[in-house]
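Reading the structure
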There are 2 protein chains.
Amino acid sequence: MEAGPGLRERKKQKTRDTIIRVALELFAERGYEGTTIAEIAEAAEVSPRTIFSYFPSKEDILFYDMTETQDRLARALSERPEGATTLDVLRGFIIGTLTRDHAHRMRHCIISDDEGLQRSKRARFAPLERLVVASIAQDLQAGPDDIRPQIVAAALMAAFAAVSDDDEAPSEAYSQEHALAVIEDVLSFLRGGLQALRER
Amino acid sequence: MEAGPGLRERKKQKTRDTIIRVALELFAERGYEGTTIAEIAEAAEVSPRTIFSYFPSKEDILFYDMTETQDRLARALSERPEGATTLDVLRGFIIGTLTRDHAHRMRHCIISDDEGLQRSKRARFAPLERLVVASIAQDLQAGPDDIRPQIVAAALMAAFAAVSDDDEAPSEAYSQEHALAVIEDVLSFLRGGLQALRER
DNA sequence: GAGCAAACTTGCAGGGCGTGCAGTTATAGC
DNA sequence: GCTATAACTGCACGCCCTGCAAGTTTGCTC
């Protein structure tokens, strides 16, 4: 008896994937605002009501992988090897998270077309940033009034956003190389900044 | 003949102020989600439909001063004196923008109570950050691939957010002093970071 | 395989936000 | 005062999202 997920679980996963796929297609075709839940439901062959048992809101369909990314980051930070700093973990995490597949490129276009979605995307990074702030605060043994974790985390998230929005990359390989260079710059920057505060 | 605004304009301003005031009171009393447009309209003695001719959305009532702040920042950056850097301008701007009046404190509580509003608040800082990015890019004569402006701007915005969220300040004077200290730290940090990149 | 409990799906009713439109009311300039 | 313009209002509508009470499917047991 393999302990694989049963029919029920597999079916749910399939339905979820279908909803995401058809929703992204419709968003790309008619725009996010121009697509209704009813249309997504019809294309996915479920009832509109069912959509909301898979996703808490229409926006959550678009940002379907954010919670998973958040969990991965939390795990990467908490399970980091002895001696590894938050910055070390993040370097690997950012590179590993960069994906240039069709769905992601499509989503990038969809979000670019809508002012509100750009704001939403930014807002959805906040939980990730909070994780980074806490982890860096631990590294630096920072007190509650110490502003350094927040500054460092903000800079890191900005770098992350910059490399993942970098849409003119000619190839995935180039994109990763470029991202690595950017991240090294940011880490140098942060080390220099922290050093400057230490010397005061 | 003084060229003051006519009755029409004064009345509009008054209505706008009333809407903001009663909305904040209701939000504080019953929470943001627990308050409907209809209730705000009734308390402000206008029709629900009229609310939407003053504010594009319910959230915009809460963040009524963001567009004004954005305009002020844009002006401060574009009209800066010869030789002043973006960082110089921002130091003054942040200090000048810190306010601890009743409405702001009330809003802070309202936002703290609601997960979604915290995300929204963060998202609404994006336009400010874009202004800062552009201004810093100009200062640094940065090319399009240069990540420094985004990092520096993100760190500055994080500092701004930190000092304006600093709600346990015993007094406005203390709060300003504390903010100044934080900002000086951030500026040292940024100078150190930029220096480190220059030396590579 | 029949039956049962749990999980999943669905339709329905409804509340809240936001918009377009047309009619009424108030203001400003002559 | 009279008129053109601006503002307010009510109405109807579409959309998102939720609670609830069915109906349907799945997994498990006998």
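It should be noted that the structure appears before, not after, this text.
These remarks concern the structure in this document. Computed from a predicted structure; not experimentally measured. (Residues numbered from 1 in each chain as written. Chains lettered and ligands numbered in written order. Predicted model: local features only at pLDDT ≥ 70, side-chain atom pairs only at ≥ 80, totals over all residues. Heavy atoms only, no water.)

**A closer look at the packing of helix α5 (residues 66–78) of chain B against helix α9 (residues 126–140) of chain B**
Residues and elements named next belong to chain B. Where α5 meets α9, the axes come as close as 10 Å, and the angle between the chain directions of the two elements is 10°. In terms of orientation, α5 lies roughly parallel with respect to α9. Facing α5, whose interface residues are Thr69, Gln70, Leu73, Ala74 and Leu77, α9 presents Pro127, Leu128, Leu131, Val132 and Ser135. Considering only residue class, the contact of α5 with α9 consists of seven nonpolar, three polar and no charged. (Axes fitted to C-alpha atoms, helices over the stretch in contact; angles between N-to-C directions. Helix = DSSP H or I, 4+ residues; strand = E, 2+ residues; numbered from the N terminus. Parallel < 35°, antiparallel > 145°, perpendicular 65-115°, else oblique. Contact = heavy atoms within 4.5 Å. Nonpolar A, V, L, I, M, F, W, Y, C, P; charged D, E, K, R; others polar.)

**Quick look at the interface of chain B and chain A**
Contacts between the two partners involve 33 residues from chain B and, on the opposite side, 32 residues from chain A. Roughly 2800 Å² of surface becomes buried between chain B and chain A when both sides are summed, with 68% attributable to carbon and sulfur atoms. Between chain B and chain A we count four salt bridges in total. Residue A:Arg122 is joined to B:Glu129 by a salt bridge in which the shortest nitrogen-to-oxygen separation is 3.0 Å. Where chain B packs against chain A, one counts two residue pairs in polar contact (both at pLDDT 80 or more). At the level of elements, α8 (115–124), α9, α10 (148–165) and α11 (172–198) of chain B are the ones that each hand at least two residues to the side of chain B that touches chain A. With 13 residues, the top contributor of residues to the side of chain B that touches chain A is α11(B). Among the residues making up the side of chain B that touches chain A, the classes are represented as 17 nonpolar, five polar and eleven charged. (Buried area = accessible area lost by both parts, 1.4 Å probe. Salt bridge = Lys/Arg side-chain N within 4 Å of Asp/Glu carboxyl O. Polar contact = N/O pair within 3.5 Å; in protein donor to acceptor, adjacent residues only side chain to side chain.)

**So, the protein's contact with DNA strand D**
Around DNA strand D, 20 residues are found, and the nearest of them are A:Arg8, A:Lys11, A:Arg49, B:Thr50 and B:Tyr54. Within 4 Å of the protein, the contacting atoms of DNA strand D are drawn from sugar and phosphate to the extent of 64%. Contact distances for DNA strand D include 2.6 Å between a phosphate oxygen and a side-chain N or O atom of A:Lys11. A distance of 3.1 Å is found between a phosphate oxygen of DNA strand D and a backbone nitrogen or oxygen belonging to A:Ile37. Secondary structure elements with two or more residues in the surface near DNA strand D: α1 (7–30) and α3 (48–54) of chain A together with α1 (7–30) and α3 (48–54) of chain B. In terms of residue class, the surface near DNA strand D is built from six nonpolar, seven polar and seven charged. (Near = heavy atom within 4 Å.)

**Description of the relation of the copies chain B and chain A**
Two chain copies, one operation linking them: a rotation about an axis together with a shift along it. Once chain B has been moved 0.1 Å along the axis and rotated by 180°, it coincides with chain A to within an RMSD of 0.0 Å. What the rotation and shift describe, once combined, is the action of a two-fold rotation axis. It is B:Gly193 whose C-alpha, among those of chain B, lies nearest the rotation axis, at 2.0 Å. The overlap is high: 97% of the interface residues of chain B also sit at the interface in chain A, so the same surface is used on both sides. (Least-squares fit on C-alpha atoms with pLDDT ≥ 70 in both.)

**Remarks on empty space enclosed by the protein**
According to the stated counting rule, one finds two cavities of 30 Å³ or more in the structure shown. Approximately 70 Å³ is the volume attributed to the largest cavity. In terms of lining residues, the largest cavity is bounded by A:Leu73, A:Leu90, A:Phe93, A:Ile94, A:Leu128, A:Val132, A:Leu156, A:Met157 and A:Phe160. Those elements that place two or more of their residues in the lining of the largest cavity are α6 (86–97), α9 (126–140) and α10 (148–164) of chain A. Residues that form the lining of the largest cavity fall into these classes: nine nonpolar, no polar and no charged. Within this model, the second largest cavity holds a volume of roughly 50 Å³. If you trace the second largest cavity, you find it lined by B:Leu73, B:Leu90, B:Phe93, B:Ile94, B:Leu128, B:Leu156, B:Met157 and B:Phe160. (1 Å grid on protein atoms, 1.4 Å probe; cavity = no way out; pocket = protein on both sides within 12 Å on 5 of 7 lines; lining within 4 Å. Points joined across faces, edges and corners; volume = space filled by probe spheres on them.)

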